[in-house]
Amino acid sequence: MLPASYTWGQDALQWGSMDERTRQKEALDDVVQIHPWIREEYEVGISHAWYSDRFARGAFPLFAPEQQTQLQTAIEQPEGRMAGSTSRATTARCSTPGSRGP
């Protein structure tokens, strides 16, 4: 197995706008630049665009510089029937990729 692309932000939107076959072809074309022989070994590919995933709608929030600081108070506010049930997931420490939480 060789992951060919893991992208987020604007790059993920570009990849996500392609259909799955096109994403696989483009990724394979990129890998060929590093491993010219890979087409001989290639058997199958898989691709998933998290932005268009019905349940995820993206993997995690990706804030611009200072955006999380500016929005954090609003992010932590209860919303309707979700009041209290999302506090751990919306703390500043948990809302960034790779953080372990409180």
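Since we're looking at a predicted model, the values are computed, not measured.

A.B. asks: Could you give an account of the overall build of the chain, naming the residues involved and the relevant values?
C.D. replies: What the chain contains, in helices and strands, is five helices and zero strands. When each of the 102 residues of the chain is scored for burial, the buried share is 20%. Restricting to contacts in the chain with at least 6 residues of sequence separation, those with at least 24 account for 33%. By element, 53% of the accessible surface of the chain is carried by carbon and sulfur atoms, the whole surface being about 8500 Å².

A.B. asks: Which residues make up a nonpolar patch on the surface, and what values do they have?
C.D. replies: Nonpolar side chains collect at one region of the surface, where Y6, W8 and L62 lie side by side and expose about 370 Å² of accessible area between them. Position of L62 relative to the elements: it lies in the loop between α3 (38-41) and α4 (67-75). Judged by its relative accessible area of 45%, L62 falls in the partly exposed class.

A.B. asks: Tell me what's going on with the side chain of D53, and back it up with residues and numbers.
C.D. replies: Considering the arrangement of structural elements, one finds D53 in the loop between α3 and α4. Engagement of the side chain of D53 in a polar contact is seen with the side chain of H48, the distance being 2.9 Å. A polar side-chain atom of D53 sits 2.8 Å from the main-chain amide nitrogen of F55.

Reading guide: rules and limits
Every chain is numbered on its own, with residues counted from 1 as its sequence reads. Under the rules for a predicted model, residues below a pLDDT of 70 receive no local features and side-chain atom pairs below 80 are neither given nor counted, while totals for whole chains, interfaces and linings still include all residues. The basis for the side-chain values is all heavy atoms of the structure; hydrogens and waters are excluded. Helical segments are the DSSP runs of H or I of at least four residues, strand segments are the runs of E of at least two, and each set is numbered from the N terminus. Relative accessibility thresholds used throughout: buried, under 20% of the residue-type maximum; exposed, over 50%; partly exposed, between the two (1.4 Å probe, protein chains only). Contacts between residues were defined by any pair of non-hydrogen atoms, one from each residue, lying within 4.5 Å. Residue-level accessible areas treat just the shown protein chains as cover; the underlying method is Shrake-Rupley with a 1.4 Å probe. Patch membership requires more than 30% relative accessible area and the absence of a salt bridge. Residues of like charge join within 9 Å; the nonpolar side chains Val, Leu, Ile, Met, Phe, Trp and Tyr join within 5 Å. Definition used for salt bridges: Asp or Glu carboxyl oxygen within 4 Å of a side-chain nitrogen of Lys or Arg. Under this definition, polar contacts are N or O atom pairs within 3.5 Å; protein pairs additionally need one hydrogen-donor-capable and one acceptor-capable atom, and for neighbouring residues in sequence, both atoms have to be side-chain atoms.

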